[in-house]
Amino acid sequence: MNAVIGIDTSNYTTSIAFYDGFGGENCSKLLPVKQGELGLRQSDAVFAHIKSLPELSGRLFSHIQAANITAVGVSTRPRAVEGSYMPCFLVGYSHAKLLADALNVPLIEVSHQQGHVAASLWSAGHMELLSQPHLAWHLSGGTTELLMVEPAEKNVTCTKIGGTSDISAGQLIDRTGQLLQLPFPSGKHLDALSQEAAGADLFRVKCADMTFSLSGVQNKVQEYHEKNRIPAETAAYALRCVAFAVFQATKQALGRYPGLPVVFSGGVASNTLLRQALEPLNPIFAQPQYSTDNAMGVAVLAHRAMEV
């Protein structure tokens, strides 16, 4: 059996996964963030990964046979572009390198973003798109990018063609969560709260050439909340603003690249209002648990690299 291990140590989640070409398992743990704070310093993230990864690998290997492992995959940087670097990925790399050396198997290095795309395609049942050009959104706490994804030798290339010009959708969501005194990361809490809203207000974000700005939306959300003081309405207002911007950029992209499928990855892509708003454009969404940071996509790419 050709089976692989994938490891991802992002700035939000520690994760390790197993994949054998058909199915797999992902073990994850959110990094601890104090109430009221928006994320972690890199030094704290590194320390949290060092503590969590042995626990998660122990949980996975309690029922996975090491003798069946033919490769180890790991995300080593946020994006596969020059200068993309975050110290927290060194934790995953060091553990993956040790494991690959101990098992005497190849070490496959990918980016966190490539892993997100692969996890989305696998969980949505569209693995064939790894071999075809398609559009993909990476919507997360630190990234809001519209990508042209194309097959490459043993992997995929992700070229940014649109998205935000300043803060990410995830940052807007987390800052709205902080305004409403919700836990961090705030995505799922804002999502649940928004389901109680009755209104339909939103700020129509301007979008040109598949690109938009979200920094001004933060002020609009603040102003809206000061007027209504209803947390559910504020949550829905912020999410509708994000959904409107993403919808407009996606529509423009489909006008430029007609016929290409559009895949959504990243934690923000699990949001209910966003998914509902994008339905007219026939989007491909990952299962919610594989929209957030996970190592399954890394394992999928490592397995594919061993087959190509």
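This text goes with the structure placed above it.
The rules behind these values
- Residues numbered from 1 in each chain as written.
- Predicted model: local features only at pLDDT ≥ 70, side-chain atom pairs only at ≥ 80, totals over all residues.
- Heavy atoms only, no water.
- Helix = DSSP H or I, 4+ residues; strand = E, 2+ residues; numbered from the N terminus.
- Buried < 20%, exposed > 50% of the residue type's maximum accessible area, 1.4 Å probe, protein only.
- Contact = heavy atoms within 4.5 Å.
- Areas by Shrake-Rupley, 256 points an atom, 1.4 Å probe, with all protein chains shown as cover.
- Lys, Arg positive; Asp, Glu negative; His and termini not counted.
- Charge placed at Lys NZ, Arg CZ, Asp CG, Glu CD.
- Axes fitted to C-alpha atoms, helices over the stretch in contact; angles between N-to-C directions.
- Parallel < 35°, antiparallel > 145°, perpendicular 65-115°, else oblique.
- Left-handed = near helix turned anticlockwise from the far one by under 90°.
- Nonpolar A, V, L, I, M, F, W, Y, C, P; charged D, E, K, R; others polar.
- Pairing = 2+ DSSP bridges.
- Core = buried A, V, L, I, M, F, W, Y, C linked by side-chain atoms within 4.5 Å.

Caption draft 1: Seen up close, the overall build of the protein. Counting its secondary structure elements, the protein contains nine helices and twelve strands. On the principal axes, the C-alpha backbone points of the protein span a range of 60 × 45 × 35 Å. Put simply, the protein has 308 residues, and 52% of those count as buried. The contacts of the protein with a sequence gap of at least 6 include a subset with a gap of at least 24, amounting to 69%. For the protein, the accessible area works out to roughly 13200 Å², and carbon and sulfur atoms hold 52% of it. Each charge class in the protein was averaged separately, 22 positive and 25 negative side chains, and the resulting centres sit 5 Å apart.

Caption draft 2: Spatial organisation of the packing of helix 6 (residues 215-228) against helix 7 (residues 231-256). Interhelical geometry of helix 6 versus helix 7 gives an angle of 155 degrees and a closest axis separation of 9 Å. When the interaxial angle is binned, helix 6 and helix 7 end up roughly antiparallel. Helix-helix and strand crossings are classified by hand; for helix 6 and helix 7 the assignment is right-handed. Counting all contacts with helix 6, which are made through V217, K220, V221, Y224, H225 and N228, the residues of helix 7 involved are P231, E233, T234, Y237, A238 and C241. Its residues placed into classes, the contact of helix 6 with helix 7 shows seven nonpolar, three polar and two charged.

Caption draft 3: Seen up close, unusual backbone geometry. Residue P185 is bonded to the preceding F184 through a cis peptide linkage, with omega at -10 degrees. With respect to the helices and strands, P185 occurs in the loop between helix 4 (169-179) and helix 5 (187-194). You will see that N104, though not glycine, has its phi angle at about 55 degrees, which is positive. Along the chain, N104 turns up in the loop between helix 2 (88-103) and strand 5 (107-110). Residue N104 is classed as exposed on the basis of its relative accessible area, which comes to 71%. Backbone geometry places M210, a non-glycine residue, at a positive phi of 70 degrees. As for its placement among the helices and strands, M210 is situated in the loop between strand 9 (207-208) and strand 10 (211-212).

Caption draft 4: Summary view of the pairing of strand 6 (residues 134-139). Of all the six residues making up strand 6, six are buried; the element is thus mostly covered by neighbouring parts of the structure. As judged from the six bridges shared by strand 6 and strand 7 (residues 144-152), these two strands associate in the antiparallel manner. Of the residues in strand 7, the one forming a bridge with W137 is L146. Counted along the chain from strand 6 to the antiparallel partner strand 7, the turn is four residues long. Two strands pair when backbone bridges link them, and strand 6 and strand 11 (residues 262-265) are joined in this way by four bridges, in the parallel orientation.

Caption draft 5: Summary view of the nonpolar core. Core analysis: the largest hydrophobic core is formed by 45 residues, its most contacted members being W137, F212, V246, F264 and L278. Put simply, the parts of the chain that give this core at least two residues each are strand 6, strand 7, helix 4, helix 5, helix 6, helix 7, strand 11 and helix 8 (272-278). In terms of residue count, helix 7 provides more of this core than any other element does, 14 residues in total. When near neighbours in sequence (up to four residues on either side) are disregarded, L278 contacts A243, V246, F247, T250, F264, P283 and F285. Counting 28 residues, the second-largest nonpolar core is a separate cluster that includes L129, A136, L147 and A305.

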